[in-house]
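# Architecture and fold: a report
If you want the building blocks of each chain, they are given just below.
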Amino acid sequence: EENPLGSEPERQLAALERQVFDFLGYQWAPILANFLHIIIVILGLFGTIQYRPRYIVVYAIWTAIWVTWNIFIICFYLEVGGLSKDSELLTFNISRHQSWWSENGPGCVRKEASMSGVKGLDSHSYISVIGCALEYRYIEVMHSSFQILIALVGFVYACYVVSVFTEEEDSFDFIGGFDPFPLYHVNEKPTNLLFKQTYLPA
């Protein structure tokens with residue numbers, strides 16, 4: 001059967017890769033969204049293998065939600081509509097952590113300085129990040145754009161497989177199977193015998 005998820009290993013790896021970096025950045029809202037995404041992708045795969053169109057429909061609906069979520073992430077990092085990439089929205093205001101890529105992007109160098117009047121190894125205060133070849137928000141935007149592309153492909157496959165399953169169910173007569181004779185013919189002979197017995201002379 002066709003797989004509504006397209007190439008399953010690649011999709012799972014893409015979701016897991018994003019989950020890892022969101023964990024490293026303590027981005028709690030994306031962590032929860034990624035977790036749900038992984039579960040529903042597995043559910044969609046199970047629905048394909050076990051011939052369960054309803055599970056595939058759930059996956060198709062989720063892909064629409066997933067696309068919406070990733071569009072929001074893109075708007076968040078590009079600061080569209082009053083959103084700010086420096087806000088604590090994605091961490092549920094629990095911490096001031098930002099994307100892991102903000103300090104560990106390609107070419108990024110952290111600049112730290114010791115706090116005045118404080119001694120010890122842990123007395124460094126984070127100052128800035130310099131030398132980044134690509135700003136972290138664009139890395140996040142590329143991640144979300146890739147997820148949108150995968151989700152759209154998955155949605156198309158899901159719709160196709162559901163339509164195939166539905167056509168197969170409609171083309172098979174679950175009541176009579178492939179019997180060329182209608183079901184009511186089964187009861188025809190016993191009914192005739194009953195009438196003959198009723199009119200036998202006493």
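Because the structure is predicted, anything quoted here is derived from the model rather than measured. (Residues numbered from 1 in each chain as written. Predicted model: local features only at pLDDT ≥ 70, side-chain atom pairs only at ≥ 80, totals over all residues. Heavy atoms only, no water.)

### Examining helix α2 (residues 28-49)
- Between its first and last C-alpha, α2 extends 32 Å over 22 residues, near the 32 Å set by a 1.5 Å rise per residue.
- Of all the positions in α2, only Ala 29, Pro 30, Ile 31, Ala 33, Asn 34, His 37, Ile 38, Ile 40, Val 41, Gly 44, Gly 47 and Thr 48 are classed as buried.
- In the stretch just after α2, Tyr 51 is the one whose phi turns positive, near 60°. (Helix = DSSP H or I, 4+ residues; strand = E, 2+ residues; numbered from the N terminus. Expected span 1.5 Å × (residues − 1). Buried < 20%, exposed > 50% of the residue type's maximum accessible area, 1.4 Å probe, protein only.)

### Considerations on unusual backbone geometry
- A positive phi is found at Phe 92, a non-glycine position, where the angle reads about 60°.
- One can find Phe 92 in the loop between α3 (53-77) and α4 (101-104).

### Points about the packing of aromatic side chains
- Enumeration according to the criterion identifies eleven aromatic pairs in this entry.
- A centroid spacing of 5.6 Å and a plane angle of 35° characterise the contact between Trp 69 and Phe 72, whose relative ring orientation is tilted. Highlighted residues: Trp 69 and Phe 72, both in helix α3, separated by three residues, approximately one helical turn.
- The exposure class of Phe 72 is partly exposed, given its relative accessible area of 27%. (Phe/Tyr/Trp six-rings, centres within 6.5 Å; stacked < 30°, edge-to-face > 60°.)

### Describing the UniProt feature "transmembrane region" (unreviewed entry) in the chain
- Taking the UniProt record as the reference, the feature "transmembrane region" (unreviewed entry) is found at residues 28-49, 56-80 and 146-165.
- Secondary structure across residues 28-49 divides into 100% helix and 0% strand, with the first and last C-alpha atoms of the span separated by 32 Å.
- A helix fraction of 88% and a strand fraction of 0% characterise residues 56-80, whose end C-alpha atoms lie 33 Å from each other. (UniProt positions renumbered as here; feature names shortened; annotations may be inferred.)

### Observations regarding the state of the cysteines
- Tallied over the full model, the rule gives one disulfide.
- Each sulfur in the disulfide pair Cys 108 and Cys 132 lies 1.9 Å from the other. Disulfide Cys 108-Cys 132: the torsion about the S-S bond is 125°, which places it as right-handed. Placement of the pair is Cys 108 in the loop between α4 and β1 (109-114) and Cys 132 in the loop between β2 (124-130) and α5 (136-171), with a sequence separation of 24 residues.
- The class for Cys 108 is buried, based on a relative accessible area of 15%. (Disulfide = S-S within 2.5 Å.)

### Thoughts on a nonpolar patch on the surface
- Taken together, the side chains of Leu 78, Val 80, Leu 134, Tyr 138 and Met 142 define a hydrophobic patch exposed on the protein surface, amounting to about 400 Å² of accessible area.
- Looking at the element boundaries, Leu 134 is found in the loop between β2 and α5. (Patch = residues over 30% accessible without salt bridge, like charges linked within 9 Å, V, L, I, M, F, W, Y side chains within 5 Å. Areas by Shrake-Rupley, 256 points an atom, 1.4 Å probe, with all protein chains shown as cover. Salt bridge = Lys/Arg side-chain N within 4 Å of Asp/Glu carboxyl O.)

### Quick word on the side chain of Arg 137
- By the element assignment, Arg 137 lies in helix α5.
- Excluding anything up to four places from it in sequence, Arg 137 contacts Tyr 77, Leu 78, Glu 79 and Lys 85. (Contact = heavy atoms within 4.5 Å.)

### Re the nonpolar core
- Formed by 26 residues in total, the largest nonpolar core has its most connected members in Ile 56, Trp 66, Trp 69, Tyr 77 and Leu 90.
- Those elements that provide at least two residues to this core are α2, α3 and α5.
- Ranked by the residues each element gives to this core, the list is headed by α3, at eleven residues. (Core = buried A, V, L, I, M, F, W, Y, C linked by side-chain atoms within 4.5 Å.)

### Quick word on the packing of α2 against α3
- At a minimum axis separation of 8 Å, α2 and α3 run at an interaxial angle of 155°. In terms of orientation, α2 and α3 fall into the roughly antiparallel class. The two elements α2 and α3 meet at a crossing, and its hand is left-handed.
- Each residue belonging to the contact of α2 with α3 can be placed in one class, and the counts come to 15 nonpolar, five polar and no charged. (Axes fitted to C-alpha atoms, helices over the stretch in contact; angles between N-to-C directions. Parallel < 35°, antiparallel > 145°, perpendicular 65-115°, else oblique. Left-handed = near helix turned anticlockwise from the far one by under 90°. Nonpolar A, V, L, I, M, F, W, Y, C, P; charged D, E, K, R; others polar.)

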